[in-house]
Amino acid sequence: MADTMMVNGTAWSLGGASVRGAAHVRRGQPNQDAVGWVPPVAGAEVTGAFAAAVSDGHGGAAYYRSEVGARLAVEVAKAALGRFLEAPLPSDDAGPLVAEILATWRQAVMQDLAGNPVESDWVESEQEKLLPYGATLAAVAIRPDWLVALQIGDGDMLFGYPDGQVERPLPNDEGLFGEQTYSLCLDNAADRFRVRTRRRIEGQPWPDFVMLSTDGVSKSFADEKTFLSIARDYRTSVRKIGLRGVLDQLEKWLSDVSHRGSGDDVTLCLAVGAPSAAPAGAAPAEERAPETSV
């Protein structure tokens, strides 16, 4: 899937894929990841911006509706960030945006639960009702003058710049061990969001590449250096062969990554901005997307 948007004569091309993990296939489990993005809204004051999100539903037995929780998280983030894209003047304070996403996700979960009740002899608290839908969320919105990045839980967000640098725009989580992760279903979820807002200033570097992925991707590589090199390879490949050329091979690449690596569900979303971006057309035969290396 791909969309292309114009930003003051410059195009953002977006696309992505989500593949059921090899271990989930063996166990008969569904794909618990979700991905989505927002093209510009017709008539919006600021046109040509985009938003994208990925979510990873937790895999434990207690989270038996996490694939629903992940889907709802992406839908809620797209809606909230879509409004951010249209705002005449966004705020440096992303707290209200986080609060909106969290409150709307909880409402959506309760609506789903009301339509699909679970029989229980216990009077459950709200947190206990949210638990089966537990999921992470990583989302970004970029418009010509402003950006916001937010995340709760594991997963990876990378920004690329015209000089070739690739960085993580958000700090790592603290206070976790092993496979632990923070979640939308926690009572204190609002405090667990990592957030960055930034106004564009002339002369300062501005991202021209974004990669969002669930942790099944990064866990499949030996170390951080190898994972970051894959992101750089994708940035280069998209600019050489166009996003369509990369997306045509993405599901196969993700499937290979899961089979040879983590076995988890694997989801990747790419956004590349012109003016140096190649069109989202077919790839030349001699060019290829990055090879799997885990």
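From a predicted model like this one, the values you see are computed outputs, not experimental measurements.

Asks: Can you tell me about the nonpolar core, naming the residues and giving the values?
Replies: The biggest cluster of nonpolar side chains holds 40 residues, and the ones touching the most others in it are L81, W105, L137, L150 and L184. Secondary-structure elements contributing two or more residues to this core are β3 (33-38), β4 (50-56), α2 (66-86), α3 (95-115), β5 (137-143) and β6 (146-152). In terms of residue count, α2 provides more of this core than any other element does, eleven residues in total. Among all residues touching L137, those that are not within four sequence positions of it are A53, V54, S55, A73, A77, I101, L150, Q151, I152 and L184. Core analysis: the next-biggest nonpolar cluster, separate from the first, contains 26 residues, V19, L247, L250 and W253 among them.

Asks: Can you explain the sheet that holds strand β9 (residues 194-199)? Please cite residues and give values.
Replies: The five strands are arranged β3-β4-β5-β6-β9 in an open sheet whose pairing can be described as antiparallel. Each of the sheet's edge strands pairs with one partner strand only, and the pair in question is β3 and β9. Averaged over all pairs of adjacent strands, the angle between their axes in this sheet comes to 5°, without regard to strand direction. Relative to β5, β4 runs antiparallel, the two sharing five bridges. Considered in β5, the bridge of A53 is made with A139. Packing of α2 onto the sheet brings it into contact with β3, β4, β5 and β6, and relative to β5 it is tilted by some 20°.

Asks: Please set out the pattern of salt bridges residue by residue, giving values where relevant.
Replies: Taken as a whole, this structure holds 13 salt bridges when the rule is applied. Between R196 and E167 there is a salt bridge, with its nearest N and O atoms 3.6 Å apart. Here E167 lies in strand β8 (residues 166-167) and R196 lies in strand β9, a separation of 29 residues in the sequence. A residue is classified by how much of its surface remains accessible, and R196, at 26% relative accessible area, is partly exposed. Salt-bridge contacts for D248 lead to R244; the nearest nitrogen and oxygen are separated by 3.9 Å.

Asks: Quick rundown of the confidence of the model for the chain? Include the residues and the values.
Replies: Put simply, the chain has an average pLDDT of 86, and 85% of its residues get 70 or more. In the predicted structure, residues 4-10 sits below a pLDDT of 50 and forms 24 contacts with residues beyond four places in sequence or in another chain. Across residues 276-289, where pLDDT falls below 50, the model places 30 contacts with residues more than four positions away in sequence or in other chains.

So, how was this worked out
All chains use their own residue numbering, which begins from 1 and follows the written sequence. The predicted nature of this model means local features are confined to residues of pLDDT at least 70 and side-chain atom pairs, given and counted, to a pLDDT of 80 or more, with totals for whole chains, interfaces and linings taken over all residues. Side-chain numbers come from the whole structure's heavy atoms, not from hydrogens or water. Only buried residues count toward a nonpolar core. Its members are Ala, Val, Leu, Ile, Met, Phe, Trp, Tyr and Cys residues joined through side-chain atoms within 4.5 Å. Residue burial is assigned from relative accessible area. The probe radius is 1.4 Å, only protein chains are included, and a residue is buried under 20% of its type maximum, exposed over 50%, and partly exposed in between. Secondary structure elements are taken from DSSP: a helix is a run of H or I of four residues or more, a strand is a run of E of two residues or more, and numbering for both begins at the N terminus. In what follows, a contact means two residues having at least one pair of non-hydrogen atoms within 4.5 Å. Strands are labelled as partners when DSSP assigns at least two bridges between them. Every axis corresponds to a line fitted to the C-alpha atoms, with the helix fit spanning only the stretch in contact, and the corresponding angles, defined between N-to-C directions, vary from 0 to 180 degrees. Definition used for salt bridges: Asp or Glu carboxyl oxygen within 4 Å of a side-chain nitrogen of Lys or Arg. pLDDT is defined as a per-residue confidence score from the predictor, taking values between 0 and 100.

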